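Each chain is listed here by its residues.
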Number of protein chains: 4
Amino acid sequence: MATPKIRYAMVGGGRGAFIGAVHRIAARMDDRYELVAGTLSANPENAKISAADLHIAPERAYVSYQEMLVAEKKRADGIQIVVIVTPNHMHFPVAKACLEAGIHVICDKPVTRTLEEALELQKIVAASGCFFALTHNYSGYPLVRYARELIAEDKLGKLRVVQVEYPQEWLTQAADAGNKQASWRTDPTKSGAGCLGDIGTHAFQLAQFITQQKVEKVCADLTSFVEGRAVDDNVHVLLRFNGGAKGMLWASQIAPGCENGLRIRIYGEKAGIEWAQEAPNELWLCELNKPRQRISRRGDLSDIVARGVRVPGGHPEGYLEGFANLYKDIADILIARENGEQDFLQDWVPDIHAGVEGMRFIHAVIASSENDGAWTKL
Amino acid sequence: MATPKIRYAMVGGGRGAFIGAVHRIAARMDDRYELVAGTLSANPENAKISAADLHIAPERAYVSYQEMLVAEKKRADGIQIVVIVTPNHMHFPVAKACLEAGIHVICDKPVTRTLEEALELQKIVAASGCFFALTHNYSGYPLVRYARELIAEDKLGKLRVVQVEYPQEWLTQAADAGNKQASWRTDPTKSGAGCLGDIGTHAFQLAQFITQQKVEKVCADLTSFVEGRAVDDNVHVLLRFNGGAKGMLWASQIAPGCENGLRIRIYGEKAGIEWAQEAPNELWLCELNKPRQRISRRGDLSDIVARGVRVPGGHPEGYLEGFANLYKDIADILIARENGEQDFLQDWVPDIHAGVEGMRFIHAVIASSENDGAWTKL
Amino acid sequence: MATPKIRYAMVGGGRGAFIGAVHRIAARMDDRYELVAGTLSANPENAKISAADLHIAPERAYVSYQEMLVAEKKRADGIQIVVIVTPNHMHFPVAKACLEAGIHVICDKPVTRTLEEALELQKIVAASGCFFALTHNYSGYPLVRYARELIAEDKLGKLRVVQVEYPQEWLTQAADAGNKQASWRTDPTKSGAGCLGDIGTHAFQLAQFITQQKVEKVCADLTSFVEGRAVDDNVHVLLRFNGGAKGMLWASQIAPGCENGLRIRIYGEKAGIEWAQEAPNELWLCELNKPRQRISRRGDLSDIVARGVRVPGGHPEGYLEGFANLYKDIADILIARENGEQDFLQDWVPDIHAGVEGMRFIHAVIASSENDGAWTKL
Amino acid sequence: MATPKIRYAMVGGGRGAFIGAVHRIAARMDDRYELVAGTLSANPENAKISAADLHIAPERAYVSYQEMLVAEKKRADGIQIVVIVTPNHMHFPVAKACLEAGIHVICDKPVTRTLEEALELQKIVAASGCFFALTHNYSGYPLVRYARELIAEDKLGKLRVVQVEYPQEWLTQAADAGNKQASWRTDPTKSGAGCLGDIGTHAFQLAQFITQQKVEKVCADLTSFVEGRAVDDNVHVLLRFNGGAKGMLWASQIAPGCENGLRIRIYGEKAGIEWAQEAPNELWLCELNKPRQRISRRGDLSDIVARGVRVPGGHPEGYLEGFANLYKDIADILIARENGEQDFLQDWVPDIHAGVEGMRFIHAVIASSENDGAWTKL
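In this report, we go over the structure that sits alongside the text. (Residues numbered from 1 in each chain as written. Chains lettered and ligands numbered in written order. Predicted model: local features only at pLDDT ≥ 70, side-chain atom pairs only at ≥ 80, totals over all residues.)

1. Observations concerning the relation of the copies chain C and chain B
What connects the two chain copies is a rotation about an axis and a shift along it.
Okay, so step 1: Superposing chain C onto chain B requires a rotation of 180° together with a translation of 0.0 Å along the rotation axis, leaving an RMSD of 0.0 Å. Given the turn and translation reported, the copies of this chain are related as if by a two-fold rotation axis. (Least-squares fit on C-alpha atoms with pLDDT ≥ 70 in both.)

See the structure below:
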């Protein structure tokens, strides 16, 4: 018998939203999930229409997530997991409510608006016994995972330098009033932090995820270049890792020509590796005094890579497939947990701890920048 | 109300097959289809297990496609379209049966094993009033379509040279007995032609699709390099187009280092364009005496591009998304036809005519090669 | 004591010419030559001024090469070698005169205007005992030479497919009357052949040079796309090599966006290699089922590479350095010959035989194309 | 009449040295210089042999630069300019002696070992009336200069972010005792600073040269990763420019896979530009919301580009040609100055002021790093 599909609801993600649609495709890709309910919009009319678009039964198209949790609890076929794709400031209350109702959560990043919220959520997750996944989706790319494996196998030797960057161009100019996403992302009451929270945290998470080292201290220079913008749009940070490596992190949303330029380069005593999100099907392995090797995304690289590969090498996979890998892993993790395997895929899917670390990073970077670049502990 | 999903069945594509899974992901990506029935394998046990894997109800897991067509006909919720992903020699009989039962067809390429079958199928399609789509999936890449639009808008001027190539490496050595796919693909009774039919037709179709010109004559040199191989594994062809352009087509399955290297370059009086499948999110536009421009896959390029874009520029899309674009288009075409719009997306989705042209190409190439490279009409 | 510099004269290459200046830089790069005389232009005034530009003593600025040969013969410090950089139709008479005067020759390619001349020149060279070098300069790139070594060492296994191409854009439109070079190159009485002779021969020579196999037969389609042009501007050729490999050669001067796109890809039973002139400091080695390796131009690759490398890896070398490598080799060959080593660097510097082969290639391609693509022996 | 060649002497650069040979090729490329004298080595025997290698007359092969200056002064055909290619600690005394003798100087970088020496040298240059050129050779690449022109023409708008980096791999491991260059470069008494002085200054100079802005403050983290190394081998610096831009500078000599990875990216309000030394023939211009443009090195871009281009686009030029452009410019500057044009090519060739700024940079970076990353003025 095929494994039954996991029944999920979405909070946020109605018509006009971006990331909700991405989550739905990711959930759909491997046929492991079924979207059965939703609180898709704070606007009742939009909530209703959006649900109809998505084949959600009218009676399960809610206008409040609290109401949804109560109603779904009563159903034999009620939801098992909630996907939160609201603006950042709503992550905390929705996640809290779900977890306290015993519902697993998949939450878009950053985990919350403040570090305090994140720390509180960490306790709530622990108390709930539920799984809380944070969609740092770039962790889902097969070659990102393979990079981590190469380091774990000591292919690079002791790590020395980590250069990570994430430039974009889409906020080079002041945002149009009509750009829904640009508007909440540059509103500090909704986003918590600007470029730093939006993409700086992705870069930070990627660096920690691949190296399996923790950033201990940062020295930062945050800037808001666009006149009138209330949040940072450029992030310059020096990094020191607990394993002795040093690094630089650059995130920017004002870099014309850069679409989604997440890129990481890591150098150790024996070799370096380089990966860029816009060419995700290749990983460069540079062993000292040997020709650079272009490792292609192929299922035969390793078991963890094989899990996240759907087509042969040379058939490009992209952003959606990487995202879908998290969904697939979460589905398998839920099943494993039901079978008592608490540590299945341990650390491969970003969780509440990654969320807390991300908030600590935001906190420390802001503190360092406000303190004229003083080295600041996370 | 959301548009109801299209109910489809699959013939072929059971456990262990490759392309069936690709079709299912493509069908799933935009939530426009529902897999409700299948004749997934000629082996009854595999057919049953494979159906269960895919959440197909046991009573709709058939062991013969004829039986399936009869049984589904009787259901109010019977299948509307059949996806054929069997080895090539089965395309014709299955498609014929479906069309004669009034069921639309999505068929993997090449359309049939012989030109005669293709010509007969062309008549059957015409008589049936059904839609027959041929999954030359590379036509689904947004930038392939944009390339066609640039040419249609005369951005290149009169076309002169078309260089298309499709090298792979996977048959560099004699195939293992255990490699199911390699084994039927190198068996002329099942595949019809080797490299020529498998990927040469993709290259041919891509060239015609983008240029909107027809290849009139070919001059060819087919080779089977691997000892004991019964079909060609390298294809060299000179091309002459009806619009005056000339070209070269190279397809190979014995080129180490080439994973899936489909690539096309087209040069006109005013400009050239270049696109490669392994970097599908960029299209190079080279206007004479200007810097090369790297056009990124973005929804704002044109309406046809916007149809096939799910994420912003810089977020790579790949093979599966391109494939899914055909499925999305077919769904919209079926709806449009029900509404009397017979020419909706006319020519954007490869159909039976593309299939016949592909078979004429195979026929002419083999004839030319056997005739010591004589220029041969299609 | 330092080796004395070789005293050379140039025929052609006065003000306004292109390739003469390239030869002079190449000769100068390693300080092995001294330009002491010249017949730089058929125009006496230009000959004089051009000589003064180049620090040639006025009495050694000649207006006729015949006169120059006579006058230099009488000097104790007379010329040892002549560099011929005239339009193609003058190569033969000048080379003949030099060789008959016992003077070595460095000649730009193609060697002559006709095959008959080339064959006659071959005899003259043999009778003269002089060295005749043909500047197929791309043979001078260190990684081209390394590619040849990899093949010689059987790194690729038996060769199967050779894809070579050389697209340019500069003759996409009808040439201005004012463009001196375009004007003689498209005049069949001066050039002998158009794109085929100008760059098709480079592609042909490169393929033979690297593979060390000979093209036995060609099947060709020559075109003159630009209205009113008397010579071909696009060359499509299928190749068969004496070692069993097959190939394609494309040369074009009407491909917008292509500046100097000479590129070769060679595939054998075990591996493939790829090299492109516009990125000459990297060679791709693709061993079957291994990651592609980017071999960087470094002196430690081999002795022959070390000869032609002046700066460390990562410090790009280009066209002029490759050209200069031929000059350096010729200088060492002349010294070796004086010391009785007739076979020093045997086959590494293109000579009269390469010239004859190139003319045979031109001849066969034209014949095949005129004969509707019939396979034609060289 | 041709302009007479400039007579130069070299100090340093005997057998076994690297950069001296580079300078000589650069001087030779355009035939504007003649090497007539030298103090090529502190070792008398090596000085003699090295001079003979280079066709320097025995009587002009000196063993002390002081002696050379005296002797050459007496000759009618004495030296006009001295090229200093010694280890760093000798730059100051040799330059001082030359300038005080009224001899122009071309000096390898960094200008001196300490800031104090640089400041004193600045005064000496001013008093001497001689020209002092510092071979920050990357300024000689045509597309680096074109990048500067694009910014000067306000193509980018107000500059915001400057990312410059210069990773290398060659000191990843402790240097062999036998590696002459590695040995003095990692000896602080001879080099002054490690990676920072050797290549960090190149990155700094390039950023200032292209932007025409000055770095005002730095916040730095210097590291010596290789055990036992007395100087830094990795440099992380945050930058603030006087025009309001911010930046990052990374230089490293322990990054496996990086040969000579100097690269700069500059983003303004309207556009970004990107250039990398290992692909020096292309410059990327990224105008907001337009396709990226790959600008190819071609003589028709601008007058300053035309000066430094010897072959057409698509014919790669590299490190030596860029270096040679400085030599060509210096030759023309000397002539212009003789003709009273003091500001010919003003600011295009790095001079003593660039040298002083480089030393201030080194000084400030070391101070900041020692002061736990405090922002430090230059």
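2. Quick notes on the packing of helix 4 (residues 91-100) of chain A against helix 5 (residues 115-128) of chain A
Residue and element names in this part refer to chain A.
Okay, so step 1: Contact geometry for helix 4 and helix 5: axes closest at 9 Å, N-to-C directions at 15°. As summarised for this structure, helix 4 and helix 5 are arranged roughly parallel, according to the angle between their axes. In this structure, helix 4 meets helix 5 at a crossing whose hand is left-handed. Taken together, the residues of helix 5 that come into contact with helix 4 (itself represented by Phe92, Ala95, Lys96, Leu99 and Glu100) are Glu117, Leu121, Ile124, Val125 and Ser128.
Okay, so step 2: Here the contact of helix 4 with helix 5 is composed, by residue class, of six nonpolar, one polar and three charged. (Axes fitted to C-alpha atoms, helices over the stretch in contact; angles between N-to-C directions. Helix = DSSP H or I, 4+ residues; strand = E, 2+ residues; numbered from the N terminus. Parallel < 35°, antiparallel > 145°, perpendicular 65-115°, else oblique. Left-handed = near helix turned anticlockwise from the far one by under 90°. Contact = placed C-beta atoms within 7 Å. Nonpolar A, V, L, I, M, F, W, Y, C, P; charged D, E, K, R; others polar.)

3. What to know about the sheet that holds strand 4 (residues 104-107) of chain D
Pairing between sheet strands relies on hydrogen bonds along the backbone, with the strands arranged either parallel or antiparallel.
Residue and element names in this part refer to chain D.
Okay, so step 1: Spatial strand order, 2-1-3-4-5: five strands in an open sheet with parallel pairing. Single-partner strands in this sheet number two, and they are strand 2 (33-39) and strand 5 (132-134). With direction set aside, neighbouring strand axes in the sheet form an average angle of 25°.
Okay, so step 2: With four bridges joining them, strand 1 (residues 6-11) and strand 3 (residues 81-84) adopt parallel strand pairing. Pairing of Ala9 across the sheet is with Val82, part of strand 3. (Pairing = 2+ DSSP bridges.)

4. Some points on the interface of chain C and chain D
Okay, so step 1: Between chain C and chain D, the contact holds 28 residues from the first and 28 residues from the second.
Okay, so step 2: Residue assignment for the side of chain C that touches chain D shows that the elements contributing at least two residues are helix 1 (19-29), helix 2 (44-53) and helix 11 (319-338) of chain C.
Okay, so step 3: Top element by residues in the side of chain C that touches chain D is helix 1 of chain C. It accounts for four residues.
Okay, so step 4: Taken together, the residues that form the side of chain C that touches chain D break down as 12 nonpolar, eight polar and eight charged.

5. Regarding the sheet that holds strand 3 (residues 81-84) of chain B
Residues and elements named next belong to chain B.
Okay, so step 1: Read across the open sheet, the five strands follow the order 2-1-3-4-5; overall the sheet is parallel. In this open sheet, the two edge strands, each paired with only one partner strand, are strand 2 (33-39) and strand 5 (132-134). The sheet shows a mean angle of 25° between the axes of neighbouring strands, direction not considered.
Okay, so step 2: Strand contacts of helix 3 (residues 65-73): strand 1 (6-11) and strand 2, with the helix running at about 130° to strand 2, the strand carrying the most contacts.

6. Overview of helix 11 (residues 319-338) of chain B
Okay, so step 1: Over its 20 residues, helix 11 of chain B runs 29 Å from end to end, which matches the ideal 28 Å to within 8%, given 1.5 Å per residue.
Okay, so step 2: Positioned one or two residues after helix 11 of chain B, Gly340 of chain B has a phi angle of 85°, which is positive. (Expected span 1.5 Å × (residues − 1).)

7. Overview of the interface of chain C and chain B
Okay, so step 1: Each side of the interface is counted separately: chain C has 32 residues, and chain B has 32 residues.
Okay, so step 2: Where the side of chain C that touches chain B is concerned, the elements lending two or more residues are strand 6 (159-167), strand 7 (215-223), strand 8 (234-241), strand 9 (246-252), strand 11 (271-276) and strand 12 (282-287) of chain C.
Okay, so step 3: Here the element with the most residues in the side of chain C that touches chain B is strand 9 of chain C; it accounts for four residues.
Okay, so step 4: Class assignment for the residues of the side of chain C that touches chain B results in 15 nonpolar, nine polar and eight charged.

8. Remarks on unusual backbone geometry
Okay, so step 1: Between Lys109 of chain B and the following residue, Pro110 of chain B, the backbone shows a cis peptide bond with an omega angle of -5°.
Okay, so step 2: Take Pro110 of chain B: it is sitting in the loop between strand 4 (104-107) and helix 5 (115-128).
Okay, so step 3: Even without being glycine, Gln212 of chain A reaches a positive phi, approximately 55°.
Okay, so step 4: In this fold, Gln212 of chain A is placed in the loop between helix 9 (195-211) and strand 7 (215-223).
Okay, so step 5: Despite not being glycine, Asp31 of chain B has its phi angle at roughly 65°, a positive value.
Okay, so step 6: Locating Asp31 of chain B in the fold gives a position in the loop between helix 1 (19-29) and strand 2.

9. Structural notes on the pairing of strand 13 (residues 292-296) of chain B
Okay, so step 1: Both strand 12 (residues 282-287) of chain B and strand 13 of chain B contribute to a ladder of four bridges, which runs antiparallel. Each bridged residue has a counterpart across the sheet, and for Leu285 of chain B the counterpart in strand 13 of chain B is Gln293 of chain B.
Okay, so step 2: As consecutive antiparallel partners, strand 12 of chain B and strand 13 of chain B are separated by four residues, and within that stretch Asn289 of chain B has a phi angle of approximately 65°, a positive value.
Okay, so step 3: Pairing geometry for strand 13 of chain B and strand 13 (residues 292-296) of chain D, over three bridges, is antiparallel. Across the sheet, residue Arg292 of chain B finds its bridge partner in strand 13 of chain D, namely Arg294 of chain D.

10. Topic: the environment of Ala207 of chain A
Residues and elements named next belong to chain A.
Okay, so step 1: Relative to the helices and strands, Ala207 is located in helix 9.
Okay, so step 2: Residue class for Ala207 comes out buried when judged on the 23 C-beta atoms lying within 10 Å of it.
Okay, so step 3: Each C-alpha atom of the pair Ala207 and Leu345 lies 19 Å from the other, and the pair is 138 residues apart in sequence. (Buried ≥ 20, exposed ≤ 12 C-beta atoms within 10 Å, placed from the backbone.)

11. Quick notes on the packing of helix 1 of chain C against helix 11 of chain C
Residue and element names in this part refer to chain C.
Okay, so step 1: Running from amino to carboxyl end, helix 1 crosses helix 11 at an angle of 65°, the nearest separation of the two axes being 8 Å. Taken together, the axis directions place helix 1 and helix 11 in an arrangement best described as roughly perpendicular. Between helix 1 and helix 11 the crossing geometry is right-handed. On helix 11, the residues that touch Val22, Ile25, Ala26, Ala27 and Met29 of helix 1 are Leu320, Glu321, Phe323, Ala324 and Tyr327.
Okay, so step 2: Classifying every residue of the contact of helix 1 with helix 11 gives nine nonpolar, no polar and one charged.

The quantities given are spatial measurements derived from coordinates; they are silent on function.
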